[in-house]
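Take a look at the letters that make up each chain.
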Amino acid sequence: MSLRTRPALYVLFAGALLATLCVGGENANADDVAVYLAERDLIQVLAVHLEQQLAEVDGEQRDELLRALADLYAELLETTANDDLRETLEKRGRAILAEAPPEGADGLRLALLRGPYRLAERIAEQHRLRLADEEKLEHARKSLNETIPELLLMVQRADATAELARRRLSRAGSREATEWSAHAERAEQQSNQTRFLAAWALYYQAYLSNQPRSATQAEELFGELLDPQVSNIRPEAVSVDLRAVESFARSILGMALCRSLTSTSVEAMRWLALLEHNMTVASLRDQVPVWSMVIHLEHDEFRQARAVMLDATGSEETPPTLWLRLLAVHSAEDENYDVAAVENVRLAVTGLAASGELEHVLDLARKYGDDLLGSSGFAMHYVNGLLLYQRARETHGTENPPANDEASALYAEAADAFELAINEGDAKEYESAAAGSLRLIGLCRYYRGDFLSARDAFVQASQRLPMEQAAEALWMAISSLDQVVRAGDNAQLRSQLHELIDEFLNRFPSNRHAPTLVVRRAATSRDADLSIVDELLAIPSGSASYAEARRRAADMLYRLFRTQRGDDRAATGNRFLNVVVPQINDAFPANSAHNDELSSLLVLIRQTLEVALTRGVERLAAANEAFDAIESVRTINLVAIDKHKSEFAFRRLQFAILHDVLPNAVLQADELWTIDPMGQWALLASRAMFQHINNLVETNTLNRVDQMHELQLLVRFGGRVLREYEDDDDALNDRTILSYHAIVAAAAMRLWEHNNDDTMGRRALFLYEEKLLEKRSNNAGFLRAAGLLGEHFQRTELALNSWRRLVAGLPVQSEEWFEAKFHVLSILEHTDVDVARAVMKQHKLLNPNYGPDPWGARLRAIDKRISEDALVEGATG
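Criteria and cut-off values
- Residues numbered from 1 in each chain as written.
- Predicted model: local features only at pLDDT ≥ 70, side-chain atom pairs only at ≥ 80, totals over all residues.
- Heavy atoms only, no water.
- Phe/Tyr/Trp six-rings, centres within 6.5 Å; stacked < 30°, edge-to-face > 60°.
- Helix = DSSP H or I, 4+ residues; strand = E, 2+ residues; numbered from the N terminus.
- Buried < 20%, exposed > 50% of the residue type's maximum accessible area, 1.4 Å probe, protein only.
- Lys NZ or Arg CZ within 6 Å of the ring centre and 35° of its normal.
- Core = buried A, V, L, I, M, F, W, Y, C linked by side-chain atoms within 4.5 Å.
- Contact = heavy atoms within 4.5 Å.
- pLDDT = per-residue confidence, 0-100.
- Axes fitted to C-alpha atoms, helices over the stretch in contact; angles between N-to-C directions.
- Parallel < 35°, antiparallel > 145°, perpendicular 65-115°, else oblique.
- Nonpolar A, V, L, I, M, F, W, Y, C, P; charged D, E, K, R; others polar.
- Salt bridge = Lys/Arg side-chain N within 4 Å of Asp/Glu carboxyl O.
- Expected span 1.5 Å × (residues − 1).
- Left-handed = near helix turned anticlockwise from the far one by under 90°.
- Patch = residues over 30% accessible without salt bridge, like charges linked within 9 Å, V, L, I, M, F, W, Y side chains within 5 Å.
- Areas by Shrake-Rupley, 256 points an atom, 1.4 Å probe, with all protein chains shown as cover.
- Lys, Arg positive; Asp, Glu negative; His and termini not counted.
- Charge placed at Lys NZ, Arg CZ, Asp CG, Glu CD.

Account for the packing of aromatic side chains, with residues named and values stated.
Each aromatic ring pair is specified by the distance between its two centres and by the angle formed by the two planes. Evaluation of the coordinates by the stated rule reveals 21 aromatic pairs. With a centroid separation of 5.6 Å and 40 degrees between ring planes, the pair formed by phenylalanine 822 and tryptophan 855 is classed as tilted. Of this pair, phenylalanine 822 sits in helix H39 (residues 815-831) while tryptophan 855 sits in helix H41 (residues 855-876); the two residues are 33 residues apart in sequence, bridging distant segments of the chain. Considered together, phenylalanine 822 and tryptophan 855 belong to a single accessibility category, that of buried residues. Site record: aromatic cluster; members linked through ring pairs are Tyr117, Trp200, Tyr203, Tyr204, Tyr207 and Phe222. Over the aromatic face of tyrosine 207 sits the side chain of arginine 128, whose NZ or CZ is 4.4 Å from the ring centroid. Seen from the ring of phenylalanine 561, arginine 569 lies directly overhead, with NZ or CZ sitting 4.1 Å from the centre.

Pasting the structure below:
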């Protein structure tokens, strides 16, 4: 824990440090210590040091110390983010303020006033969303009423101080000018900061207390901040450049909000529109839509508010939760029952429901009544179901079914409401909430003791919910069916239960319920935690719970491994393997009839291979244990192994790579590609091979024969990786994917260059022309490759264009530039000799010696040929 988070400890530390500094000898006087602390930015310790000096001085010296302390505490209050430390600093700051000269402590006074202002501001914005109770509102109003007069007095003092500093600066000599200039700048800054805080405080007073006069006062102050030279500033006169300064942009926002209270929405929007300029600081520019909604809603312009929200978020995205709540509460409070307001409420509440924001939905229903959404539609039935379900849970009061009669009746009503919701015509518009309704129907039936019907609802929900929620739904389906199986020995239901468990383990092998399902444990921890792992592993081997505890510990370690990175991940992975590898033999089933044991073993095998073959862990012996177990399982249940055939092939590929046995890795990758070219494991295999072979090529330690072989493999597996993106028009916007294309193209080109392999050349040409140059049209390497390949494959126009762009873009007279110039002239010699002569003439004007070899000699040869051709043409003409 940092000392800065423990104020009392920090003060003790400061005293100890000061004592140490002052023991140094006679030369370690108070001024030396102050300089030492200031130079090292030990501001809090310096403050303690100066406070200790107060008792030793008086008069002007004491006033100077108090002014310095006021500045220090003002700085500390502005920079601390720790609430406890802030409270301590405010207490000490007030003590300093009580003694400090009035003219030197306004910085501290302002810092102390920011605390109550920020609380009032937070309450006011909560009220805008109807999340603040009357007690909080009254506290905010009272705080602002007390703060504003003091702020306005400080504005006057700050203005007077700044004016005095400016006058003295105008009369100061050259020696004093620098000092008075800095003094005037500080005074101006203090004036602006005080005026800014006072303006916002006045705005919130006007907003919370319906006092237009306060808003008018705030407008005057905001106007002075925007342009002190103009008495009644207009929006079009506001500086564009200064909108990049946050305080300036916030002053524009303040002006817009004030005008919303004192004038029309049109006038307010004129001010707010200034923040849409791209020069505006991004944090404020991004808030323009929600403040536009605020202004429109304050003027009962419900349709416009909705349009702003939908335009800002688009039709495909759900608006932010607080935007939806803002629209809902203000529209719900319309006393005129405006059609647009009613539509807003329905839109906002259904949006909240679709986002799973149930607390907001329930809160709105409590505030504005159950009939908030009308008499039909998905949202109305869904919210009604939520309210009934909430009442049922409160009445039930436990997780154990079956519920009492009263709660059971409420569960039945809730389930009926959810059924009506998912059968409404607009249910398809709320896919997430509709799938959630199936889960809630299952819960209602489960708590009523109707377990088989609950199972059916949970299974349906598991097929429609996102992965994590789907796992929970399927877990509840298993739990529901398990209740029936335990109550009576029904072979058919027992078989159905095993099928559900197998489905769960296949779909969610790393889910926290996996080991629980295998052994049907009654309870389990929800969170993976190393402290729980330590407790589980501490259970002695003689305990009946030993095996069960170690299985649970292994599960937790695996889940932690999946979420961690770096050294922590490697350490957890090794610990997991130490626990799980012995379990593989212990978990081996006696025969194929033990489906649950077999499923559990397969989960352990798959997890072991994943962890053992991860870079940084690389426990090949543990992986070998897992592979041996796979072969043993194969002898008793080939079908179980075949379900994961591709996954195990991929793991063998990883093993071969780590073992540096490339032929085996190639064999596994090709087998996976043959089975399912675009399957998950085939794609993973291609990526792994591509990355591994590229690393081998980049190390450049292979002989020429091996290197050509690796390049061929690189093109083969790289091509498979690229197939994954061939139908994605935006894929090449990703730099990583672009680099994959570049690597494959370069490898194909090298094979063409070294082996005269035209197949590889055409492949490289396709990638450079159709893919890479489409995205990086000025890349010199891509252009050079396209030029060389274009010439070879008689793609004259492509080649000439590529070389010309290189000539235009490369540094003039660089070696690469001369190469490009040579190729341009070489092509023109055979396609347009007149142009070639003109280009050569221009080249010789700048390069009489043609250029450095080898390009100079080649250019000279071209010049000779085209000159001789000209003489021949003249003689025969």
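After presenting the structure, the write-up continues.
Give a detailed account of the nonpolar core, specifying residues and quantitative values.
Judged by nonpolar contacts, the single largest core of 135 residues is most densely connected at Trp271, Tyr382, Tyr389 and Phe418. Looking at this core element by element, the count peaks at 11 residues for helix H8 (residues 174-209). If we ignore the near neighbours within four places in the chain, the residues touching tyrosine 389 are Tyr411, Ala414, Phe418, Leu440, Leu443, Cys444 and Tyr447. Counting 79 residues, the second largest nonpolar core, distinct from the first, contains Leu713, Leu714, Leu773 and Val807.

So what's going on with the confidence of the model for the protein? Residues and values would help.
In the predicted model, the protein carries a mean pLDDT of 83, and 81% of its residues have values of at least 70. Within the model, the stretch residues 1-42 combines pLDDT values under 50 with 44 contacts to residues more than four positions away or in other chains. Segment residues 518-525 is flagged for pLDDT under 50; beyond a separation of four residues in sequence, or across chains, it makes 22 contacts in the model.

An account of unusual backbone geometry is requested, with residue identities and associated values reported.
Note the cis peptide between proline 401 and proline 402, where omega equals -5 degrees. Here proline 402 shows up in the loop between helix H18 (378-396) and helix H19 (405-422). Note that the residue after aspartate 853, namely proline 854, is joined by a cis bond; omega there is 10 degrees. As for its placement among the helices and strands, proline 854 is situated in the loop between helix H40 (833-846) and H41.

Would you mind going over the packing of helix H10 (residues 246-262) against helix H11 (residues 265-272) in detail, with residue names and values included?
Closest axis-to-axis distance for the H10/H11 pair is 8 Å, and the angle between their directions is 175 degrees. Put simply, H10 runs roughly antiparallel to H11. Of the residues in H11, those in contact with Ile252, Leu253, Met255, Ala256, Arg259 and Ser260 of H10 are Glu267, Ala268, Trp271 and Leu272. For the contact of H10 with H11, the per-class residue count stands at seven nonpolar, one polar and two charged.

Please set out the pattern of salt bridges residue by residue, giving values where relevant.
Tallying each qualifying case throughout the model produces 38 salt bridges. Arginine 716 is the partner of aspartate 670 in a salt bridge, and the nearest nitrogen-oxygen pair spans 2.8 Å. Remark: arginine 716 occurs in helix H34 (residues 704-723) and aspartate 670 occurs in helix H32 (residues 662-675); sequence separation between them is 46 residues. Looking at arginine 716, the relative accessible area reads 34%, which means it is partly exposed. Connected through shared salt-bridge partners, Glu219, Arg234, Glu236, Arg259, Glu267 and Arg270 make up one network.

Describe helix H31 (residues 645-658), and please don't skip the residues or the numbers.
The first and last C-alpha atoms of H31 sit 20 Å apart over 14 residues, in line with the 20 Å expected at 1.5 Å per residue. Of all the 14 residues making up H31, 11 are buried; the element is thus mostly covered by neighbouring parts of the structure. Those residues of H31 not exposed but buried are Glu647, Phe648, Ala649, Phe650, Arg651, Leu653, Gln654, Phe655, Ala656, Ile657 and Leu658.

Now, about helix H21 (residues 451-462): what can you tell me, with residues and values included?
Between its first and last C-alpha, H21 extends 16 Å over 12 residues, near the 16 Å set by a 1.5 Å rise per residue. When we look at burial in H21, the residues that qualify are Phe451, Ala454, Arg455, Ala457, Phe458, Val459, Ala461 and Ser462. Those residues of H21 hidden inside the fold are in contact with helix H20 (431-448), helix H22 (467-487) and helix H23 (491-507).

Any details on the side chain of threonine 608? Residues and values, ideally.
With respect to the secondary-structure elements, threonine 608 resides in helix H28 (residues 595-612). Overall, threonine 608 belongs to the buried group, its relative accessible area being 0%. Excluding residues that lie within four positions of it along the chain, threonine 608 makes contacts with Phe576, Leu577, Val580, Val581, Ile584, Ala622 and Ala626.

A description of the packing of H20 against H21 should follow, citing residues and the corresponding values.
The N-to-C vectors of H20 and H21 enclose an angle of 165 degrees; their axes lie 8 Å apart at closest approach. By the criterion of interaxial angle, the relationship of H20 to H21 is roughly antiparallel. The handedness of the crossing between H20 and H21 comes out as left-handed. Contacts between H20 and H21 involve Ala435, Leu438, Arg439, Ile441, Gly442, Leu443, Arg445 and Tyr446 from the first element and Phe451, Ser453, Ala454, Ala457, Phe458, Gln460 and Ala461 from the second.

Outline a negative patch on the surface, listing residues and values.
Together, Glu726, Asp727, Asp728, Asp729 and Asp730 make up a negatively charged patch on the protein surface. Structurally, the position occupied by glutamate 726 is in the loop between H34 and helix H35 (735-755).

Explain the environment of leucine 684 residue by residue, including any values.
With respect to the helices and strands, the residue leucine 684 is situated in helix H33 (residues 680-699). What makes leucine 684 partly exposed here is its relative accessible area of 26%.

Go over the environment of aspartate 241 with me, naming the residues and quoting the values.
With respect to the secondary-structure elements, aspartate 241 resides in the loop between helix H9 (212-226) and H10. Among the residues examined, aspartate 241 registers a relative accessible area of 55% and is labelled exposed. The sequence separation of aspartate 241 and histidine 277 amounts to 36 residues, and the corresponding C-alpha distance is 9.9 Å.

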